[in-house]
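# Structure assessment
So you can see what is in the structure, the chains are spelled out below.
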Amino acid sequence: MSSNPVAETVASLLPRAKAELTELVAFKSVADFAQFPKSESEGAANWIADALRAEDFVDVAVLDTPDGTQSVYGYLPGPKGAKTVLLYAHYDVQPPLDEAGWSTPPFELTERDGRWYGRGTADCKGGAIMHLLALRALKANGGVPVHVKVIVEGSEEQGTGGLERYAEQHPELLEADAIVIGDAGNFRVGLPTVTTTLRGMTLVRVRIDTLAGNLHSGQFGGAAPDALGALIRVLDSLRAEDGSTTVDGLDATAEWDGLEYTEEQFRKDAKVLDGVGLIGDGSVADRIWARPAVTVLGIDCPPVVGATPSVQSSARALVGLRVPPGVDAAEATKLLRAHLETRTPWGAQVSTEQIGQGQAFRADTSSPAYRAMADAMAVAYPGETMQYAGQGGTIPLCNTLAGLYPEAEILLIGLSEPEAQIHAVNESVSPEELERLSVAEAHFLSNYAAD
């Protein structure tokens with residue numbers, strides 16, 4: 001990285017950033033209070049609030065949102081007449097999954113092979129630290145040239161919409177000229193990237209019942225309708241032979257126009273096993289950024305260990321559907337539920353329930369904020385040009401903010417590049433990416449203030 005005062009300050013602050021991220025990762029802040037104590041999330045929220053107060057933020061508040069979780073807000077006044085920029089991150093994290101699969105404890109930040117490992121290091125506690133680093137660098141080099149609002153969400157991973165509903169009820173709170181969502185990531189380490197589209201999502205629980213109770217498979221199997229078998233058939237109907245998503249009535253032919261993703265690179269990033277083919281048709285970018293994608297997230301059925309020779313009377317599954325930009329998530333939910341219900345065989349009783357939903361997002365890349373970010377990225381990543389990419393994941397708040405503040409410019413950056421393995425075991429962050437993106441964000445704020 002070429003020498004400049006902001007970059008030098010960020011580099012000097014990196015040890016402090018590591019210590020702070022270590023503290024923040026230690027909170028088991030999964031916003032599913034049936035699995036993890038609510039006190040863990042509350043502890044993380046209070047840590048964020050204290051950090052903002054220490055940076056001279058005013059009006060710092062831990063907000064009780066309608067879904068029973070907390071988001072943290074703070075305001076840092078800038079020069080009179082300056083623009084306002086909202087910086088977003090979230091402190092809640094995905095469950096650690098199989099802790100035995102982690103090389104080091106998931107809630108202990110551990111340095112290994114030049115990366116920092118731990119749940120939330122990249123998604124998205126590291127994003128909160130990135131914002132703090134950028135602001136500290138500016139304060140040490142002449143001051144922050146814009147008004148800054150920070151919002152750190154407490155339930156983004158659950159998709160329960162607490163912050164969206166709170167923002168709708170208090171529309172003045174998050175109003176800004178530009179919004180930086182620090183919950184995306186570079187296409188690969190070292191390649192500066194802004195995410196310009198996000199797929200939406202819907203979660204539907206399906207239940208199939210066929211019998212008053214389980215039956216002996218020897219006495220009744222062959223004629224008694226098997227609820228688990230019916231469910232398997234329904235779930236299989238959601239994919240074509242090549243693995244493409246086939247929800248009745250839902251278009252799956254859109255094409256991506258932008259940064260391409262080679263199959264070779266995707267296989268490496270996704271760690272696809274040798275000899276296993278990719279699913280779907282079209283380019284990889286088409287499949288993961290521009291088209292719907294269904295995933296069976298879980299099935300309630302007897303485990304193999306302890307299973308008895310029985311015909312199952314009832315079975316459930318949780319189905320996730322990623323919804324591409326241009327498709328209304330509510331309409332996609334209706335189509336998915338209708339598909340599950342009409343494809344259930346044998347006259348089995350079926351019920352569906354929507355349990356989560358978020359709209360897709362598409363940014364306006366022609367705005368002044370994108371020019372300011374491109375110039376900032378060029379400083380932070382010498383020799384590289386900022387790229388535009390999509391992201392298959394969902395950040396429901398983006399569409400809420402776009403609806404509330406149609407004039408605001410929304411940019412998505414962050415630490416979740418492929419090597420980070422967010423949502424999987426052994427999540428990690430590259431400290432070099434944290435450093436460079438903090439420098440980029442600091443320069444962006446300066447550039448945007450001067451535009």
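That block above? That's the structure.
What comes next is a walk through the structure. (Residues numbered from 1 in each chain as written. Predicted model: local features only at pLDDT ≥ 70, side-chain atom pairs only at ≥ 80, totals over all residues. Heavy atoms only, no water.)

### Topic: the overall build of the chain
Helix and strand counts for the chain come out as 12 helices and 18 strands. At 23 Å, the chain has a C-alpha radius of gyration in line with the 22 Å of a compact globule built from 451 residues. A principal-axis box enclosing the C-alpha atoms of the chain has dimensions of 80 × 45 × 45 Å. The burial tally for the chain puts 53% of its 451 residues in the buried class. Taking as baseline every contact in the chain between residues at least 6 positions apart, the subset at least 24 positions apart corresponds to 80%. Surface exposure of the chain reaches about 18700 Å², of which carbon and sulfur atoms provide 50%. (Helix = DSSP H or I, 4+ residues; strand = E, 2+ residues; numbered from the N terminus. Rg over C-alpha atoms; globule rule 2.2 N^0.38 Å. Buried < 20%, exposed > 50% of the residue type's maximum accessible area, 1.4 Å probe, protein only. Contact = heavy atoms within 4.5 Å. Areas by Shrake-Rupley, 256 points an atom, 1.4 Å probe, with all protein chains shown as cover.)

### Some details on the sheet that holds strand 3 (residues 84-90)
Reading across the sheet, the 6 strands line up as 1-2-6-3-7-17 and stay open at both edges, with mixed pairing between neighbours. Each edge of the open sheet carries a strand with a single partner, namely strand 1 (58-64) and strand 17 (409-412). The average undirected angle you get between the axes of adjacent strands in this sheet is 15°. Sheet contacts for helix 2 (residues 38-54): strand 1, strand 2 (70-76) and strand 6 (147-153); angle to strand 2, the most-contacted strand, approximately 0°. Each of strand 1, strand 2, strand 3 and strand 6 touches helix 4 (residues 162-169); the most contacted strand, strand 6, lies at about 140° to it. (Pairing = 2+ DSSP bridges. Axes fitted to C-alpha atoms, helices over the stretch in contact; angles between N-to-C directions.)

### A word on the pattern of salt bridges
Tallied over the full model, the rule gives 20 salt bridges. Residue Arg16 is joined to Glu20 by a salt bridge in which the shortest nitrogen-to-oxygen separation is 3.4 Å. Of the two residues, Arg16 and Glu20 are both situated in helix 1 (residues 5-25); the distance of 4 residues between them amounts to about one turn of the helix. By relative accessible area, which is 40% here, Arg16 ends up partly exposed. Glu427 is the salt-bridge partner of Arg119, the closest N and O atoms lying 2.9 Å from each other. (Salt bridge = Lys/Arg side-chain N within 4 Å of Asp/Glu carboxyl O.)

### Focus on the environment of Gly162
As for its position among the elements, Gly162 is in helix 4. Classification of Gly162 by relative accessible area gives buried; the value is 0%. Spatially, the C-alpha atoms of Gly162 and Gln70 are 8.2 Å apart, while their sequence positions differ by 92 residues.

### Remarks on the packing of aromatic side chains
Taken as a whole, this structure holds 8 aromatic pairs when the rule is applied. With centroids separated by 5.6 Å and ring planes inclined at 20°, the aromatic side chains of Phe444 and Tyr448 adopt a geometry described as stacked. Highlighted residues: Phe444 and Tyr448, both in helix 12 (residues 431-450), separated by 4 residues, approximately one helical turn. Look at Tyr448 and you get buried, because its relative accessible area is 3%. The lysine or arginine in question, Lys83, covers the ring of Tyr448, its NZ or CZ lying 4.2 Å from the ring centre. The lysine or arginine in question, Arg112, covers the ring of Tyr117, its NZ or CZ lying 3.8 Å from the ring centre. (Phe/Tyr/Trp six-rings, centres within 6.5 Å; stacked < 30°, edge-to-face > 60°. Lys NZ or Arg CZ within 6 Å of the ring centre and 35° of its normal.)

### Some details on the packing of helix 10 (residues 368-380) against helix 12
Interhelical geometry of helix 10 versus helix 12 gives an angle of 135° and a closest axis separation of 8 Å. Between helix 10 and helix 12, the interaxial angle falls into the category oblique. Crossing of helix 10 over helix 12 shows right-handed handedness. Residue-level contacts link Ala369, Ala372, Met373, Asp375, Ala376, Met377, Val379 and Ala380 of helix 10 to Arg436, Leu437, Val439, Ala440, His443, Phe444, Asn447 and Tyr448 of helix 12. (Parallel < 35°, antiparallel > 145°, perpendicular 65-115°, else oblique. Left-handed = near helix turned anticlockwise from the far one by under 90°.)

### A few points about the pairing of strand 7 (residues 178-181)
It is a general feature of regular strands that their side chains alternate between the two faces of the sheet. Going residue by residue along strand 7, you find Ala178 and Val180 tucked away on one face and Ile179 and Ile181 tucked away on the opposite face as well. With 4 bridges connecting them, strand 3 and strand 7 associate as parallel partners. Directly across from Leu87, in strand 7, lies its bridge partner Val180. As defined by bridge partners, strand 7 adjoins strand 17 across 4 bridges and the pair is classed as parallel.

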